[in-house]
Protein chains: 2
Amino acid sequence: MVRQAGRILSVLLLCCGLCATPAFAEDGYDLWLRYRPLAGPAQADAAAHARVIVAPGTSPTIAAAVAELERGFGGMTGRPLLRAALAEDGAIVLATPAQARGVGLGSASIADLGREGFWLLTTTANGKPVIAILANTDIGLLYGSFRLLELAEQGVSLAHLDVRSAPKLQLRVLDHWDNLDRSVERGYAGQSIWDWWTLPDYTGPRYTDYARANASIGINGAVLNNVNAVKESLTARYIAKTAALADVFRPYGIKVYLSARFSAPIELGGLKTADPLDPAVKAWWAAKADEIYRAIPDFGGFLVKANSEGQPGPQDYHRTHADGANVLAEAVRPHGGVVMYRAFVYSEHNAADRARQAYDDFKPLDGRFADNVIVQVKNGAIDFQPREPFHPLFGAMPKTPLMMEFQIAKEYLGQATHLAYLGPLFQETLESDTFAHGAGSTVARVLEGKVDRYRLTGMAGVANIGVDRDWSGSTFNQANWFAFGRFAWDPDGDAKTIGAEWAQMTFTPDPRFVTPVVAMMMASREAVVDYMTPLGLAHQMATGHHYGPGPWVSELARPEWNPTYYARADATGIGFDRTVSGSDAVGQYAPALAGRLADPNTTPERDLLWFHHVAWDRRMASGRTLWDELVAHYDRGVAQVDAMQRLWDALAPYVDAERFAKTRTFLGVQQREAMWWRDASIAWFQSRNQLPLPAGSPAPAHPLDYYRAIETPFAPGH
Amino acid sequence: MVRQAGRILSVLLLCCGLCATPAFAEDGYDLWLRYRPLAGPAQADAAAHARVIVAPGTSPTIAAAVAELERGFGGMTGRPLLRAALAEDGAIVLATPAQARGVGLGSASIADLGREGFWLLTTTANGKPVIAILANTDIGLLYGSFRLLELAEQGVSLAHLDVRSAPKLQLRVLDHWDNLDRSVERGYAGQSIWDWWTLPDYTGPRYTDYARANASIGINGAVLNNVNAVKESLTARYIAKTAALADVFRPYGIKVYLSARFSAPIELGGLKTADPLDPAVKAWWAAKADEIYRAIPDFGGFLVKANSEGQPGPQDYHRTHADGANVLAEAVRPHGGVVMYRAFVYSEHNAADRARQAYDDFKPLDGRFADNVIVQVKNGAIDFQPREPFHPLFGAMPKTPLMMEFQIAKEYLGQATHLAYLGPLFQETLESDTFAHGAGSTVARVLEGKVDRYRLTGMAGVANIGVDRDWSGSTFNQANWFAFGRFAWDPDGDAKTIGAEWAQMTFTPDPRFVTPVVAMMMASREAVVDYMTPLGLAHQMATGHHYGPGPWVSELARPEWNPTYYARADATGIGFDRTVSGSDAVGQYAPALAGRLADPNTTPERDLLWFHHVAWDRRMASGRTLWDELVAHYDRGVAQVDAMQRLWDALAPYVDAERFAKTRTFLGVQQREAMWWRDASIAWFQSRNQLPLPAGSPAPAHPLDYYRAIETPFAPGH
């Protein structure tokens, strides 16, 4: 029998060995929901607390939660979970307050957790040790189930859980800039995951996995099509396709939304106008909304980009953005829908500083939007730069709910290949103080409706998702999707904590890996700022595709399309004067802040050239001149990427071969391109100021003309 | 100890159970190289014959062969293979004749197998039972290794192998119509798998898996870019990217080729002309070839589409296609490269029947091409229709090597979703008799250089490969890739045998599955012919994207762009008169065949309307009128799809859930669209002939205008 057992053991090991390669293939598809076997003690802990599932609910959402717990703990513990009707030793109990007693739990006071919150509690039921997941709704139970799995993946002991969590924002939405031909505007991870052509017939596993991933981080909405919308999205053919996706997403608490093309009443309805005050236009939108809701009873509503970058809008009819938003809001209101109306507007017919146009347009409309409209404002006043000061509209619209629009896709931050963890960017914006109602009026609190009482709250992230096997084009880009979800759940979150959670789940909880990799992540976005646009510079990217440096570009038709418009470098200085002597965009901020930003001496150096045109020889806090400081930042950015390369190489023992190699290759690309950015930018600015480089700082490898001649045809996402 | 063993067994079963889902995920990625555990007796047989690998060679190709054998037999037998230096019991021995003695094999006479053939033989070495894989080169050994694995996957006993096989064609090439922005012309399986943007830095596992799949079916070349080529493919930037792919493919015996843009000497070289006889143009191409070969020493050569559908070419300079081909051939000759020059030419300035233009252009050039040029001819004279008679150039160019161009992508056969196994299409063309040198001068023998002595031979297939997880958009589309490879290896192959091999490997060798599914596959292409273009009709597809019916389209600028040009239906009859009373395209065939095709009574009914315009009341072999026969074919096509649906549903017990569901969904789409094709076509032709439908044949579900109004925006591949 010893021989027999030995033989079985051999087969066992062999079986696991043979299974290992495909079963544990680390191609990034599983994101942070990998559920790989835990290390010994953590596995024993999880196995003791996750033996049985008790879930009296029977909805598709509960079924999804149970399936996820089975999959997750099955993978992490190597043992299948059983189902039981009553709490027993090692049970995970999913219950609403109404169900709690029936499964042996006491009464629970969780009214404060609202519709989506949950409470994870290691407790006893019927005298047996259990983990209770309590929530007021099935969606809350699903969110709690995911959080429990995530804690286990992070190596947290389940022995003493007491986690109460509820989202601080209502709308937590991914905006997909996906076109119906499957191209993705500013997409760097392959085609759109929406295969519109085979919808509504075919809804393969990837759509469900998309929903799982989003539910795991609390995202509850998805705008499926590009804000630069085409009329076809609103046709019966495409409504049916959208409905098929809504059916897949519904159990996971995710509503679908559509970007609406403002001129659709003309293009689809055959009307002569899309004037939002025209009764026929109102009737057309109402009928269209009715048609959509017949197919999708829980349709979320519309996202609108109007009168911006060539899109049609209410101003075509001399109406306001409020008029434009309200006609759509009226159409979806009977069905409980909302309108997310983008404040990202600037006009080729407006000579004003682009940074101030959204405020100029929207501030006067405060209070004139319907009660189911929320205005969606980008984090900064230009366009998703590596760094921007927070948008002056935050805090300036007390009677109009505002939601945040972040870009998860790194359009201006190296796109697919550069490693740039955006958690610090999100956090920096969210913790910025608007001073709207005195100190402490942070952007986060504005969004949460705590500065002004907003009836709607939300955060949108422009998705970085495509058909690439790893969804986001690189493993580390997944961290930005994850961090967005966490910040949308809690805008007061901490980027470092979130990054650590992500790294633990995505790779390993081993602190020998997590500590250095999180340090690398936390420094990575600042490195991009340093090698691309330090000290408040912005929009120095090449034309159109925004890949690589183009600081010299000045010949485009509109001033604000040119990098030279933003940097304004000349023989004597650099920077955009947004004080009263310039565009006075500074005056759009609350007086307590505007006063500081009006003076270069009280403006944070990181934003200096955003707000001020200053002399090359200006003395900086470091004691260096502005020019020397600028060069030092470029050098620091390059050095940081060098350090990231070395650090990653040292982490090889902790990472599987495939993801290690891809990240390593991409860091090599980033290193080369950081140097390209540094050299091209310095060569250009030197051609303006004729100043020598500070001692020890190497000259650009090539003359300026070399960099100007570089072309990058077929850049993705454009 | 019994309890202990029992416990271990439980863990074993659990382990395998838990591994099962991900390890054996059947998402189609593994194609026919799934290597799943064999059923009991077959597993024992394989395990007995595949215990050890003996491979004295050390090249990357041998390493690839050994890795594949380890992976394959490891998966199929559940036991890892060991390595040994000398033959022992259960060894697989890979040896060239020079290596055979050293590993204990006798001398082998395999000179007849050439550079790429192999011999699989169950034999003895050093008195031990072994399987010998013998070949003259490492590539032959790799091909033999794949064939051995395939036989095992098909459930063939390895106890008495004696398989000698060598390819009958030299160039076995996939043509990728992939653009540098990753779109794929006529691609229905997602974006291009070439991620040009991250090349040459990143060469992920998918490129290797592509090479493995192709090597497994003997494909030895890949043209990476669209025949509608852009100049950038020939720049240093893209040559480096191509070289990175060549490095990945090299161990698998796959050469890379590029489509060359004829006007590149102007666009890249700054010359004033691309005249192929201009010395500066010759020098530019020679220098460009030198540059490419410095990066890719085994670069295959160029594919050229010239003076067709708007592409530049030698006729722009009043030169012939031979002149055009020869300038490129001269450039690559010193490096051993070839030029594949496409005969798919027709001109918007030529009023002649499109079907005869290629012959008219190329036949007079016979013998005027350089010795490293091969002219690539589509299977039929129009464009990859569901059925076309073989191209009249086959057999008509005795002094010019011709290679076949098939389309694996189903541009005109329902694209991604319709199930249409193309094996019968390939076979039908290849076994067609050209009568060039009397009866038996089949197209296959022409290609093999047996009708005329060709110094070069080959077959190209327009790839159906994209980033879709299952590579080809559907599981059954994979069969067309597989069948192409098999027919390129042996143009005298048998579609049914090939289909069975594919089904055995892709699903299961269980005959209860294989027999019915192969019957379904074998009937599937004829079903498409029946519901789209029966009795010799062609090009009745909607404009541009070629998806769905458009038989009424007649308003396009050029006659030959219109379906009405091809069907010529009027009140009295239908069909294209290609006899002497019409375009006399019939006269392009050898006299023995032309005589038969000139008379509708001796023309096969399946090609009747291709060659003849005949009356609606013409009496057919069935006794029905032509009109009734036509309707019967449409009905039969629809009925066949109904039967395919029923058959597939009955096969559920043999197929994993994911692939079963996707195929089932697609068959549903096909059923709906077959009806659409049938109804739209009948409604249109009835509007021409005003004839009643035969008894029992239902009227179209909608009036003609309904079908004419259908639009399919954003159709893929266009």
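Residues numbered from 1 in each chain as written. Chains lettered and ligands numbered in written order. Predicted model: local features only at pLDDT ≥ 70, side-chain atom pairs only at ≥ 80, totals over all residues. Heavy atoms only, no water.

The test is simple: UniProt positions are given in the numbering used here, feature names are shortened, and annotations may be inferred rather than shown by experiment.
The name that an unreviewed UniProt entry assigns to chain A is Xylan alpha-1,2-glucuronidase, with the source organism given as Sphingomonas glacialis. Recorded in UniProt under Sequence similarities (unreviewed entry), the annotation for chain A is "Belongs to the glycosyl hydrolase 67 family."

Quick word on the pattern of salt bridges
Residue and element names in this part refer to chain A. Keep this limit in mind: We define a salt bridge as a side-chain nitrogen of Lys or Arg found within 4 Å of a carboxyl oxygen belonging to Asp or Glu. Secondary structure elements follow DSSP: runs of H or I of four or more residues count as helices, runs of E of two or more count as strands, with numbering from the N terminus.
The tally for this structure, following the rule as stated, stands at 92 salt bridges over all chains. Here R678 ties to D635 by a salt bridge, and the two come within 2.7 Å at their closest N and O atoms. Residue R678 is found in helix α21 (residues 657-689), and its partner D635 is found in helix α20 (residues 626-650); the two are separated by 43 residues along the sequence. When salt bridges with common partners are traced through the structure, they connect E26, D30, R34, R36, D656 and R659 into a single cluster.

So, helix α11 (residues 354-362) of chain B
Residues and elements named next belong to chain B. What counts, and what does not: When a residue's accessible area, from a 1.4 Å probe over protein chains only, is under 20% of the maximum for its type it is buried; when over 50% it is exposed; and in between it is partly exposed. Contacts were defined at the residue level, with two residues in contact if any of their heavy atoms lie within 4.5 Å. Residues adjacent in sequence count toward polar contacts only when both atoms are side-chain atoms; beyond that, a polar contact is any pair of N or O atoms within 3.5 Å, and within protein one must be able to donate a hydrogen and the other to accept it.
Summarising burial for α11: 7 of the 9 residues are buried, a large majority. Buried residues of α11: R354, A355, R356, Q357, A358, Y359 and F362, and no others. In the core, the buried residues of α11 are packed alongside α10 (321-332), β11 (338-342), β12 (373-378) and α17 (563-567). One side-chain oxygen of the residue at the start of α11 lies 2.9 Å from the amide nitrogen of A355, identifying that residue as D353.

A short note on helix α6 (residues 205-216) of chain A
Residues and elements named next belong to chain A. As a reminder of what qualifies: Residue count minus one, scaled by 1.5 Å, sets the expected span of a helix.
Between the first and last C-alpha of α6 there are 16 Å, a value that for 12 residues agrees with the 16 Å anticipated at 1.5 Å per step. With 10 of 12 residues buried, α6 lies mostly within the body of the structure. When we look at burial in α6, the residues that qualify are R206, Y207, D209, Y210, A211, R212, A213, N214, A215 and S216. Packed against the buried residues of α6 are α3 (60-77), α5 (138-153), β7 (171-175), β8 (221-223), α7 (236-249) and α14 (475-489). Of the residues trailing α6, G218 is marked for its positive phi of about 85°.

Notes on the domain arrangement of chain A
Reports often express the size of an interface as the amount of accessible area lost when the parts come together. Residues and elements named next belong to chain A. As a reminder of what qualifies: All the domain ranges listed were derived from an automatic or database domain assignment. Note on terms: buried area is the combined drop in 1.4 Å-probe accessible area of two parts once they are placed together, counting the loss on both.
Structurally, chain A comprises domain 1 (24-165) and domain 2 (171-505). Between the C-alpha centres of domain 1 and domain 2 the distance comes to 32 Å. Taken together, the contact pairs 24 residues of domain 1 with 28 residues of domain 2. Around 2400 Å² of area is buried between domain 1 and domain 2 when both sides are counted, 55% of it from carbon and sulfur atoms. Contact with domain 2 buries area across many residues of domain 1, yet Y29, W32 and Q154 alone supply 34% of it, more than any other trio.

Overview of the sheet that holds strand β1 (residues 52-54) of chain A
Residues and elements named next belong to chain A. Our working rule: The criterion for strand pairing is that DSSP finds at least two bridges linking the strands in question. Axis lines are fitted through C-alpha atoms, for helices just across the contact stretch, and the angle between N-to-C directions can take any value from 0 to 180 degrees.
Here 6 strands make up an open sheet; going across it, the order is β2-β1-β3-β5-β4-β6 and the pairing mixed. What marks the edges here is a single partner per strand, and that holds for β2 (82-83) and β6 (162-165). Pairing analysis gives 4 bridges linking strand β4 (residues 118-125) to β6, with the strands arranged antiparallel. Note on β6: the bridge partner recorded for L121 is D162. Across the sheet, α3 is in contact with β1, β2 and β3 (91-95); its angle to β3 comes to roughly 160°.

Some details on the packing of aromatic side chains
Heads up, the condition is: Working definition: a ring pair exists when centres of Phe, Tyr or Trp rings (six-membered ring for Trp) sit within 6.5 Å. Plane angles under 30 degrees give stacked, over 60 give edge-to-face, the rest tilted. A ring is considered to have a charge above it if a Lys NZ or an Arg CZ atom is located within 6 Å of its centre and within 35 degrees of its normal.
Summed over all chains, the structure comprises 82 aromatic pairs over all chains. Ring geometry for Y143 of chain A against W489 of chain A: centres 5.2 Å apart, planes inclined by 90°, an arrangement best described as edge-to-face. Highlighted residues: Y143 of chain A in helix α5 and W489 of chain A in helix α14, separated in sequence by 346 residues. Pairing F476 of chain A with W648 of chain A gives two aromatic rings, centres 5.5 Å apart and planes at 80°, and the pair type is edge-to-face. Separated by 172 residues along the polypeptide, F476 of chain A in helix α14 and W648 of chain A in helix α20 bring together distant segments of the chain. A residue is classified by how much of its surface remains accessible, and F476 of chain A, at 5% relative accessible area, is buried. Look at W648 of chain A and you get buried, because its relative accessible area is 0%. Following the ring pairs from residue to residue traces out a cluster consisting of F476, W502, F507, F513, W648, Y654 and F660 of chain A. The positively charged end of R469 of chain A is found above the aromatic ring belonging to Y29 of chain A, 4.1 Å away from the centroid. In this structure, R568 of chain B packs its charged tip against the face of F576 of chain B, placed 3.9 Å from the ring centre.

Digging into the environment of E526 of chain B
Residue and element names in this part refer to chain B. The topology assignment puts E526 in helix α16 (residues 511-532). The spacing of E526 and R387 is 139 residues in sequence and 8.7 Å in space, taken between C-alpha atoms. The contacts of E526, once residues within four sequence positions are left out, are R387 and R636.

Focus: the sheet that holds strand β3 (residues 91-95) of chain B
Residue and element names in this part refer to chain B. Across the sheet, which stays open at both edges, the 6 strands sit in the order β2-β1-β3-β5-β4-β6 with mixed pairing between neighbours. Either end of the sheet is taken by a strand with one partner, and the two such strands are β2 (82-83) and β6 (162-165). Docked against the sheet, helix α3 (residues 60-77) engages β1 (52-54), β2 and β3, running at close to 160° with respect to β3. Contacts from helix α5 (residues 138-153) reach β3, β4 (118-125), β5 (128-134) and β6 within the one sheet, and its direction differs from that of β4 by about 75°.

Examining the pairing of β3 of chain B
Residues and elements named next belong to chain B. Within β3, 5 of the 5 residues are buried, which leaves the element mostly enclosed by the surrounding structure. Judged by which residues are buried, β3 turns out to be covered on both faces: A91, V93 and A95 on one side and I92 and L94 on the other are all buried. Bridge count for β1 against β3 is 3 bridges, and the pairing is parallel. Each residue of the ladder has a partner; that of V52, found in β3, is A91. Summarising the sheet, β3 and β5 pair through 5 bridges and their orientation is parallel. Bridging across to β5, I92 finds its partner in I131.

Structural notes on the nonpolar core
A general feature of soluble globular proteins is that nonpolar side chains tend to end up buried together. Our working definition: The term nonpolar core refers to a set of buried residues drawn from Ala, Val, Leu, Ile, Met, Phe, Trp, Tyr and Cys, joined through side-chain atoms within 4.5 Å.
F73 of chain A together with F73 of chain B are the most contacted members of the largest nonpolar core, which has 392 residues in total. Ignoring sequence-local partners within four residues, the contact set of F73 of chain A consists of A46, A50, G78, R79, L81, I92, L148, L149, A152 and L158 of chain A.

Quick word on the packing of α16 of chain B against helix α20 (residues 626-650) of chain B
All names here are of chain B. To keep it simple, the criterion reads: An angle below 35 degrees is treated as roughly parallel, one above 145 as roughly antiparallel, one from 65 to 115 as roughly perpendicular, and anything else as oblique. When the near helix sits turned anticlockwise from the far one by under a right angle, the crossing is termed left-handed; a clockwise turn instead gives a right-handed crossing. Residues are grouped as follows: Ala, Val, Leu, Ile, Met, Phe, Trp, Tyr, Cys and Pro are nonpolar; Asp, Glu, Lys and Arg are charged; all remaining types, including Gly, are polar.
Packing of α16 against α20 brings their axes to within 8 Å, and their N-to-C directions diverge by 155°. Classified by the angle between their axes, α16 and α20 sit roughly antiparallel to one another. Every pair of crossing elements has a handedness; the one defined by α16 and α20 is left-handed. Between α16 and α20, the residues in contact are F513, P516, V517, M520, A523, S524, E526, A527, D530, Y531 and M532 and H633, Y634, R636, G637, V638, Q640, V641, M644, L647 and W648, respectively. Tallied by class, the residues present in the contact of α16 with α20 amount to 14 nonpolar, 4 polar and 3 charged.

Topic: unusual backbone geometry
Following L199 of chain A, the chain continues to P200 of chain A via a peptide bond in cis, the omega torsion being 0°. Mapped onto the elements of the fold, P200 of chain A is located in the loop between β7 and α6. With a phi close to 50°, N307 of chain A is a non-glycine residue in the positive phi region. Following the sequence through the fold, N307 of chain A ends up in the loop between β10 (301-304) and α10 (321-332). In the Ramachandran plot, Q690 of chain B falls in the positive-phi region, its phi being about 55° despite a non-glycine side chain. Within the element layout of this structure, Q690 of chain B appears in the loop between α21 (657-689) and α22 (704-709). A residue is classified by how much of its surface remains accessible, and Q690 of chain B, at 63% relative accessible area, is exposed.

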